[in-house]
Each structure stands twice: as C-alpha cells, then as structure tokens.
Amino acid sequence: MDDLLKDFLAESTENLAQLDQDVVELERDPSNASLLNSIFRAIHTIKGTCGFLGLPRLETVSHTAESVLDRLRTGDLKPEPDVISDILRAVDVIKTILAELAANKTEPAGDDSLLIALLEQWLGSDAPRHAIAIGPEAIASATLELAMSPDAFSAMRSTSADQATAAPSSIRVSVKLLDALMNLAGELVLSRNQLLEMSSRDEDSPFGAPVQQLSRITAELQGAVMKTRMQPVGSAWSKLPRIVRDIARETGKRIELDMKGAATELDRQLVQALQDPLTHMVRNSADHGIESPDARRASGKPAIGKIVLNAYHEAGHVIVEVTDDGKGINADRVRRIAIERGLVSKEEAHAMSDCQVLRFIFEPGFSTATEVTHISGRGVGMDVVRSNIERVGGAVDLQSVGGQGCTIRVRLPLTLAIVSSLIVSARGETFAFPQASVLELIRLSEDQLARFDVLHNVRLFRLRDDLVPVVTLGDALGLPADERGGVATLVICQAGTARFGIIVDDVVDTQEIVVKPVGRLIRAVGCYAGCTILGDGRVVMIVDPAALAGRAGARTNAAAEVVETVQEPAKNPADSLLVFGVGDDAVQAVPLSSVSRLEEISSDSIEYAGGRAMVQYRGFLLPLVPASPAVTFTSGRSNSVIVFNEGSASFGIAVSEIRDIVDEIVNLELASTRPGVLGTAVIAGAATEVLDVSYYMERARRGSVS
C-alpha cells in the first residue's frame, strides 16, 4: 500500500474515533464553537486528502457533510437532533469506505444518493449544489482545488490548534513494531532471569555486579516498552456516547452518560479486549436499566436517567465501573427464568439468595428481556462480558438494588505481556500462578489437610469467618498421586466475587514471567492461561485459577450455594486488615485491599541517597519508609516490607514483623495527633493503630524525587 494512503488511513481513523463523541457532545452543547470547528476540521481534512488521492466517492460524502457543518459554523443552521443524525450517518458511511479502502486498497463502489439528499436538505436554496453532481467536471474541479491543498492543509493544521508548536514531540509508530519490541523485551527478560539464576549459585562470581546492572537496565527497558503500549482507557469508550444517544432516541428515553477517568492507562491489548464488554454493559444499562421518563417520574426519580463510567487504579489493577440509576435487575424474574431453563431446581432456586440468583445473568443465552430487538435481548451480552474479561485475566461482578440501579465492576491487570507470578510445585511438576489472582497463602499442616469439611461433594476450608471451597491442583490436573506427605500450601484466589482455594505442595518463588501462548490442543484443556520459561530454562504452564476452579467444581453456582447456605451471614460488613508489629509491643494495621505485596528485604541491600532509604527492587528503586521510629535497618538482619502501588509508582513501609490478616469492623476509638496515624482501634483484641497510607505515600514520593 502506498505510504501516502497508509498515512491518510491512520490519520483519518484517529480523527473518526473522536468524531462520534464530538458530534454527540455538540448536540448537547450547541454553543461550543471550538468543538464545532474541531469537527469541521476533521471532515475537511478527510475531504481534502481524499481528493488528492483520487477517492471521488469519499470526497463527495465528506464534502457534502462539510457543507452542512459550514452552515452550522455560520449560524445559518441550528444543531438540531435531526441534523446531527444526518451528520452521524455521513460519518458512518465515511468509516465504511475507509474500512473497505484499508482492506482492499481501492475505494468501494456504492450509491450514496440517499445520504447526499438527506444532507442536502439542510443546505437550503443557496447551497452549493455542484458537489452533488458527481460528474467528471465536479471531480476535476475538486482535484483542481486540492492542487493547493497541501499548503492550505498544512497551514490549517498549524493555525487551527492552539497547541501548534515549532517541532513535533511525537512520531507515529506501527503497532506491529511495538509488538515486536515487546516480544524482544520479553526475550531479554527471560535471558535476564537465566543470568540471575546462574549468578545466584555463586556468591563470589565476578559477574554478580554486571548481572545486577544488566537486570536493572532490562527492567527499565521493559518498563519503557510497556509504556509505549499503554493507551488511555477512554479510547475504548469513544463510541459509547453515540450508542447511548441512538438508544435514547429509539426508545424515547432521556439518558445522560457521564465518563470519568478516561485518561487511566491500560495495555492496548486490554483496551481492545474491553471494547466489546463495555458496549454490552452500556447498551444493557440504556436499554434495560434506565426507565422511560414517565416511569422515572412516577417512581420519584428525575426524568433523565444517568449512566456513569468510571475508571481508576486500585492496588496494581485498573477498575472500570458502569453504574446506572435505573430500575435494577429483578431477582425474582431471574430466579423464575433460571428454573424455566432448567439451570436450577425450584427448591434450590428459592433457597438461594438474590446475590446468588443474579449470577445467572452471566450464563450463556440468559436474558430477562421480554422481546428481542436489534439492540439487545438475545442473552449473549453478559456472557460475552464475563468470557472476554476472564480471558484476559480480569474479573467482573455485579450488584443491583431494585428500583435504585445496577453497578457492574470490571477488574483488569495493567498488562498481559509480562506479569508477576507465584511459582508453585505439585506432585513433582512446577506451575506459575498470576499474582493478580492470588489473595493470600496459608500453610497447612498434615492434620489440617486431613480435616476439610465436605458438603455436597464440595470441600470447604474455614478462612477466619468465611468458608472457602478448595481443590487440590494435582487432582484437578489429573497428575499421578505420590507418597509425599506433610505440610502443603493453600493458595487463596479470587475471581469476581468468588473466593476459592487451590492446594499446592509448595511455593517455590516469585518471578516476573513472560507470557507465551499455548497451542490449540493445550488451550482446549481450559485451565491454562499460557506458558513461560523460567530462569533455569524449564518451560512451565501458567495456571488460570478461575478456569481451574470452575473445572474442578470449586467455582460454580452449586459451590457458592453450599458456602452461602452453611455460612452464617455477617451481622455487619467487616474490613480485611493486615496487622503488623512496629516495635516491642506496638501493633499497627492497614487495609489489606491497599497492599500490593509483602517482601523480606535484607538490610545489606538497602541503599541511601539524599539521606533516604531505598532498595533496588524488580529493576527500579523502591523508596522505603519506616512505619515507626522504632523500626530500624540493622545490618545483617532481614526486614519485613509492605509494598504499595499507586499507578506506576511503588513504595514500601518497613515494619518489624507481619503478624496476621484479620476481618474486623474498624471503630477508631481514639483520634491520633501523630502524622501518619488515623487513630487507634481494638483489632483482634489488641489496641492497634490504623495507618494513613496516603501520608507514607507522600513521604515516599518526596523521597523518590529528591
């Protein structure tokens, strides 16, 4: 394909991705001249360049749309909904032509006379009609006009935006090249891991320092390459305003779409994976969730329904929430449909809580719609949401309150290419677990292994006040039994709202691993997320904990039903807290949800710069802040460090010892006058200070900058 045509397609695609959103916003804010000029420039750019490239059909459509936009600019025409609809139709046709052009390298044939007629009606009697007659003269005229277009086009671009500067600060790079760079960075990480493994066997090796230096540079390179693949999550929802607008017009509803956190960044692969689920979720909210204006007024709500999209970072993940203030999901109706479809017996369904019943929404083909329309109702939407999100290592859960609305919460890792993993062994084989799915590890004695409760063929482990279904990794994978006895480790995992445990023989290590795809036959097994190469050269499989638990029966509606039937409901919601010591008797705690990792770091590896402590950690400098003046870094000793993540920044709080994880309702009985402490509460029967993590984050940030 000609380079000029490639550049034109790339630039036009970028402009059109924003155009839908801008046109819908213009309808909402007709007085926004800057927005109207931006839309006009985008269409004008396409029209001008396609004439230069000899694309008459595209030129005609864009030219007529541009003429309508020009009338809007001059104030001769108001941006009424019908005008906006016709402009959006023109944008759709332009997109279709560009897609065909990209695929076949030639402009597709087609009859746009109806669209042209629709647009022409807004041009009035004095409108320039020559663009409608697509004869040789018109094309020649347009080509003649575009003989001047490069300079005019360049001038327009340089003066149209306030941000025009003397030199470009960015260049366009193909996705293919970025993927190649990511693959090379992954191979470099594998080689780095092998060198680290070799050098760790010989403490006196002369290659120790160079290998550490190579490790640091590799990590910096890996981070830089991963940043090039990051895209704002807002690029996945640019088409949603248009979808909501169209549904609102078709159904006679009034819907406001509020989008927050569009600048939150994700790996481009995850952004792409998020697009379809987001479309389904927002479409369901607009079509099924939001009521008609009359129904909303009758129930005491504002006539305008609201859908809120919110994206933000939380503990090393990106959270995307879709919330609406509609009628919510009728749990009784879901229960009745589940019985009719044979998903559950009548007796079982009536014994289930509403929360359990709502999980049927994610079953394939499950729909509560009374009729099938072209918008929704076939029951494939939420199935697609869950399967797509879980395929990329994420999780989705749903909460609904009748008459008040519904919230769907999606939790995604930041990237898929290189992930932190937990290396475990089971019956002589080695496996990797993505740490994003792991909540905690519990050492099980031989006696505990022999005393699991079993109800309805589901093995249960009592984790503090909760019951957790468990499976044994070796049994689930069909590995031959061995004579190994003694202790084992229970890996507590979470997928969506479901928690479950997987028993492994031992935890070997934690490593950053490069995820490699597996072949079709292994993929069909259904419980592996990929494979990787460890530092010692071994190829190991990466376990998909959610799929494994589902396959082994620990993550099913039946298992959830057993847990919720047996377990006594908590009288009050409790918070999970990490409890640790900071001196001889002093005890402190932080919310477990804010903790990223727990590490043991030798005092000898701690370095100082500018009077502040830090350690080389996973290829970057991790600022360390003592939780209390009583915590010191004594040479030759190991220190417990709690690692926190905030976006791409990390820091560690050094403590004396990690004591426990407890679920407690925190009631701060004594306020604190000491910076960094929120107050004192009774936790696990002891007076405990609750730390203000944001205070230490700020201290670490100041330290990392200086």
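These figures come from a predicted structure and were not determined experimentally.

Asker: Looking at this model, I keep getting lost on the overall build of the protein. Mind explaining?
Answerer: Helix and strand counts for the protein stand at 22 helices and 30 strands. Buried residues in the protein amount to 45% of all 706 residues. A separation of at least 24 residues holds for 66% of the contacts in the protein among residues at least 6 apart in sequence. Surface accessibility of the protein: about 35,000 Å² in total, with carbon and sulfur atoms responsible for 52%.

Asker: Before we go on, may I ask you to explain the sheet that holds strand β11 (residues 453-455) in this structure?
Answerer: Strands belonging to one sheet form pairs held by backbone hydrogen bonds; the direction of such a pair is parallel or antiparallel. Overall, mixed pairing links the 6 strands, which are arranged β10-β14-β15-β13-β12-β11 in an open sheet. Edge strands, defined here as strands with exactly one partner in the open sheet, are β10 (438-444) and β11. On average, adjacent strands in this sheet sit at an angle of 35° to one another, irrespective of strand direction. The pairing of β10 with strand β14 (residues 488-495) spans 6 bridges and is antiparallel. Looking across to β14, one finds that Leu444 is bridged to Ala488.

Asker: It is not clear to me how the side chain of Asp267 should be interpreted in this structure. Could you clarify?
Answerer: Within the secondary structure, Asp267 is located in strand β3 (residues 265-267). A distance of 2.8 Å separates a polar side-chain atom of Asp267 from the backbone nitrogen of Gln269.

Asker: Looking at this structure, how should I read a nonpolar patch on the surface?
Answerer: Where nonpolar side chains cluster on the molecular surface, the patch consists of Ile171, Val173, Leu177, Leu181 and Leu184 and spans about 490 Å² of accessible area. In this fold, Leu181 is placed in helix α8 (residues 175-200). Classification of Leu181 by relative accessible area gives partly exposed; the value is 36%.

Asker: How should the nonpolar core be read in this particular structure?
Answerer: Across soluble globular proteins, nonpolar side chains show a tendency to be buried alongside one another. Grouped together as the largest cluster of nonpolar side chains are 48 residues, with contacts concentrated most on Leu274, Leu278 and Leu309. With 8 residues, the top contributor of residues to this core is helix α11 (residues 268-289). Those residues in contact with Leu309 that sit more than four places away from it in its chain are Trp237, Leu240, Leu257, Asp258, Met259, Lys260, Leu278, Val282, Glu321 and Val322. Membership of the second largest hydrophobic core comes to 38 residues, among which are Phe8, Leu16, Val83 and Leu123.

Analysis parameters
- Position numbers for residues start from 1 in each chain and track the written sequence from start to end.
- Predicted model: local features are reported for residues with pLDDT of at least 70 only, side-chain atom pairs are reported and counted for 80 or more only, and whole-chain, interface and lining totals are derived from all residues.
- As a rule here, side-chain values cover all heavy atoms of the structure and leave hydrogens and water aside.
- Numbering of helices and strands runs from the N terminus; a helix is a DSSP stretch of H or I covering at least four residues, while a strand is a stretch of E covering at least two.
- For each residue, the accessible area found with a 1.4 Å probe, counting protein chains only, is set against the maximum for its type, and the residue is called buried under 20%, exposed over 50%, and partly exposed in between.
- In this analysis, two residues are considered to be in contact whenever any of their non-hydrogen atoms come within 4.5 Å of each other.
- Residue burial considers only the protein chains on display, and all accessible areas are found by Shrake-Rupley using a 1.4 Å probe.
- When DSSP finds at least two bridges between two strands, those strands are taken to pair.
- Here the axes come from fitting lines to C-alpha atoms, over the contacting stretch only for helices, and the angles between their N-to-C directions go from 0 to 180 degrees.
- Counting of polar contacts relies on pairs of N or O atoms within 3.5 Å, with two restrictions inside protein: one atom must be capable of donating a hydrogen and the other of accepting it, and residues adjacent in sequence are counted only when both atoms are side-chain atoms.
- Here a patch means residues that are over 30% exposed by relative accessible area and free of salt bridges, tied together within 9 Å if like-charged and within 5 Å if nonpolar (Val, Leu, Ile, Met, Phe, Trp, Tyr).
- Every case where a carboxyl oxygen of Asp or Glu lies within 4 Å of a side-chain nitrogen of Lys or Arg is listed as a salt bridge.
- What is meant by a nonpolar core is a set of buried Ala, Val, Leu, Ile, Met, Phe, Trp, Tyr and Cys residues, joined one to another through side-chain atoms within 4.5 Å.

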